[in-house]
Amino acid sequence: MSYARASNTPTNHLGFRTEHRNVDASSFPHVCCGGYAARWHTDSERTSTVHLYEPDTRDFHETNPSVTAYGRLVEGDILRLPEEDRKAISSGQLWDDRRYNYEIVAEDKRDFIEAGIQFWKENSCIDFKEVSSDSSLPRVQFVAEKGCWSNVGCVAKAQGSRTQKLSIGSGCSGLGTVTHEIGHSLGFFHEQSRSDRDRYVSILWENIEASGKSNFERVTTTEHHGVPYDLSSVMHYGKHFFSSNGKPTILTLDPTRQGLIGQRVQPSFRDVSLMNRLYKCEELCPRRPACHNGGYVSADCRCHCPPGTSGADCGRVTGSYYPEPTCGGTVTTEGALTSPGWPGVYPAGADCVWWIKPPAGRRAQVAFTKFDILYRVNEDGCYFEHLDVKNTGIMGEAERYCGTDLANKNLEARGPDGDMVLHFKAYRKHYAGTGFAAEVKFV
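What you see is a predicted model; the values in this text were computed from it and never measured.

Here the structure, examined in full by the defined rule, presents seven disulfides. Sulfur-sulfur distance for the disulfide between Cys305 and Cys314 comes to 2.1 Å. Judged by the sign of its S-S torsion, about -85°, the cystine formed by Cys305 and Cys314 is left-handed. What makes Cys305 partly exposed here is its relative accessible area of 24%. Here Cys327 engages in a disulfide with Cys352; their sulfurs sit 2.1 Å apart.

Dropping the structure here:
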């Protein structure tokens with residue numbers, strides 16, 4: 001979910017089990033196999049040359065320019081008009097009468113733009129109307145400038161041209177990205193800017209590049225309309241955004257939820273819920289049902305229920321809002337801990353986090369009996385495939401291992417709580433080792 005200043009819902013949870021965003025497979029939410037087809041190799045193949053390729057995994061927030069022809073960008077993709085800096089024009093203005101007028105200038109991006117519009121049209125009461133270039137109505141002009149960016153809310157009403165720009169440039173065509181930018185233009189800010197964010201994530205200021213620190217400031221005057229903070233919001237920054245040293249800039253307080261942040265698949269249930277509440281879609285209903293447990297009413301005048309609930313009024317709680325991990329999870333008992341698929345070969349793209357939590361007064365110990373994953377590659381070390389281990393605290397630095405580094409080795413927690421966090425990331429193709437097996441003990 002995002003938040004907004006004052007001024008037919010997806011039933012699955014973003015397809016997290018089967019889809020992932022177009023950035024970095026290491027941050028796909030709890031996907032055991034990363035969505036990639038596994039490719040197995042014989043022992044002889046493992047000893048041959050492995051050609052590894054990793055594309056630029058930075059999000060558009062980091063690759064966008066800092067200044068456009070129309071104003072500067074703040075928080076990576078929010079367009080600030082020159083007069084906004086001088087006159088403090090409110091960026092949180094909503095579109096009048098729930099009508100969003102738009103003009104598509106970038107015809108080569110039409111299919112992608114219309115897909116994003118269709119998502120919000122189907123999942124809210126907002127009336128999207130395409131208008132001509134000579135219209136006098138306030139409107140969004142979809143352009144293809146450098147980067148992906150937008151104003152927040154309807155600022156076109158205050159412009160002599162009656163227009164505001166929204167750029168869907170190169171690399172911006174994914175549904176999650178387009179709906180993210182349209183979300184801004186409808187009134188959404190970034191999720192991690194919410195006033196209550198410190199209850200869910202920790203900002204590692206020491207790892208943020210100097211010019212990007214202002215992007216992580218909280219906004220204390222926010223309206224959430226009763227919608228809880230959402231790690232899976234399409235408006236949330238990812239783990240390494242604006243990093244100055246390659247280390248994380250945002251960590252979830254629950255390490256097993258780390259993979260949820262930064263997804264760019266599509267808006268989450270809570271994103272959609274906020275949009276409907278922001279534009280008061282329930283007021284279109286002559287009789288509004290009472291929805292429970294985070295359900296909301298849209299223009300169809302029925303309750304739309306969040307994941308983990310059911311019933312006409314969302315009154316039955318059946319599970320968690322977030323999907324359960326398909327590998328990894330919280331470990332509170334002693335016993336075996338293995339890579340996914342063990343004793344078989346682990347899947348390509350596997351991405352698993354284990355949070356080992358011993359009883360009070362004891363420390364976690366992990367004794368590896370087997371350990372065989374992709375070896376170090378030149379100066380990149382364990383970049384492509386690794387097991388990251390935190391044993392000085394869940395917010396502490398991680399030590400990275402690969403190859404056979406941990407075969408027949410023991411690791412023990414050294415932090416005050418005795419916890420350990422293990423994050424296994426397998427390469428997305430070309431190679432699969434035999435994996436690892438270990439015993440968890442509390443000492």
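We now examine helix α4 (residues 110–122). Since one α-helical turn is 3.6 residues long, residues separated by three or four positions face the same way. Here α4 contains 13 residues, and its C-alpha end-to-end distance of 18 Å stays within 8% of the 18 Å for a straight helix at 1.5 Å per residue. Among all positions in α4, only Arg110, Ile113, Gly116, Ile117, Phe119 and Trp120 are buried.

With that settled, the discussion passes to unusual backbone geometry. The phi angle of most residues is negative, glycine excepted, and most peptide bonds adopt the trans form. Along the chain, Trp342 connects to Pro343 via a cis peptide bond; the corresponding omega equals 10°. Of note, Pro343 is situated in the loop between β18 (335–338) and β19 (351–356). Non-glycine residue Lys280 carries a positive phi angle of around 50°. Mapped onto the elements, Lys280 comes out in the loop between α6 (269–278) and β13 (296–297). One non-glycine residue, Cys314, adopts positive backbone phi at about 65°. Position of Cys314 among the secondary structure elements: in the loop between β15 (309–310) and β16 (316–317). Residue class for Cys314 comes out buried when judged on its relative accessible area of 0%.

On to the nonpolar core. One finds Tyr100, Phe128, Phe142, Ile182, Leu186 and Tyr279 to be the most contacted residues of the largest nonpolar core, which totals 49 residues. Of all the secondary structure elements, the ones that give two or more residues to this core are β5 (99–104), α4, β7 (139–143), β9 (163–168), α5 (175–186), β11 (201–203) and α6. Per element, the largest residue contribution to this core is five residues, and it comes from α6.

Let us now look at the side chain of Glu75. Examined against the element boundaries, Glu75 turns out to sit in the loop between β3 (71–74) and β4 (78–80). A distance of 3.5 Å separates polar atoms of two side chains, one belonging to Glu75 and the other to Ser193. If sequence neighbours within four positions are ignored, Glu75 has contacts with His61, His190, Ser193, Asn215 and Tyr237.

Per-residue confidence for the protein chain gives a mean pLDDT of 84; residues scoring 70 or more make up 83%. Low pLDDT, under 50, characterises residues 5–56; the stretch is placed with 152 contacts to residues that sit more than four places away or in other chains. Low pLDDT (under 50) marks residues 85–91, which in the prediction has nine contacts with non-local residues, meaning those over four places away or in another chain.

What follows deals with the pattern of salt bridges. Throughout the structure, instances matching the rule amount to 15 salt bridges. The shortest N-O distance in the salt bridge between Glu114 and Arg110 comes to 2.8 Å. Of this pair, Glu114 and Arg110 both sit in helix α4, four residues apart, roughly one helical turn. Judged by relative accessible area, which is 31%, Glu114 ranks as partly exposed.

Between α4 and α5, whose axes approach to 9 Å, the crossing angle comes to 65°. The crossing of α4 and α5 is right-handed. Facing α4, whose interface residues are Phe112, Ile113, Ala115, Gly116, Ile117, Phe119 and Trp120, α5 presents Leu175, Val178, Thr179, Ile182 and Gly183. Within the contact of α4 with α5, the residues separate by chemical class into nine nonpolar, three polar and no charged.

To continue, consider the sheet that holds strand β22 (residues 399–401). Taken in spatial order, the five strands of this open sheet run β17-β19-β24-β21-β22, and their pairing is mixed. Each edge of the open sheet is held by one strand with a lone partner, namely β17 (328–331) and β22. Along the sheet, successive strands turn relative to each other by an average axial angle of 15°, direction set aside.

Rules behind the numbers
Residues numbered from 1 in each chain as written. Predicted model: local features only at pLDDT ≥ 70, side-chain atom pairs only at ≥ 80, totals over all residues. Heavy atoms only, no water. Disulfide = S-S within 2.5 Å. Buried < 20%, exposed > 50% of the residue type's maximum accessible area, 1.4 Å probe, protein only. Helix = DSSP H or I, 4+ residues; strand = E, 2+ residues; numbered from the N terminus. Expected span 1.5 Å × (residues − 1). Core = buried A, V, L, I, M, F, W, Y, C linked by side-chain atoms within 4.5 Å. Polar contact = N/O pair within 3.5 Å; in protein donor to acceptor, adjacent residues only side chain to side chain. Contact = heavy atoms within 4.5 Å. pLDDT = per-residue confidence, 0-100. Salt bridge = Lys/Arg side-chain N within 4 Å of Asp/Glu carboxyl O. Axes fitted to C-alpha atoms, helices over the stretch in contact; angles between N-to-C directions. Left-handed = near helix turned anticlockwise from the far one by under 90°. Nonpolar A, V, L, I, M, F, W, Y, C, P; charged D, E, K, R; others polar. Pairing = 2+ DSSP bridges.

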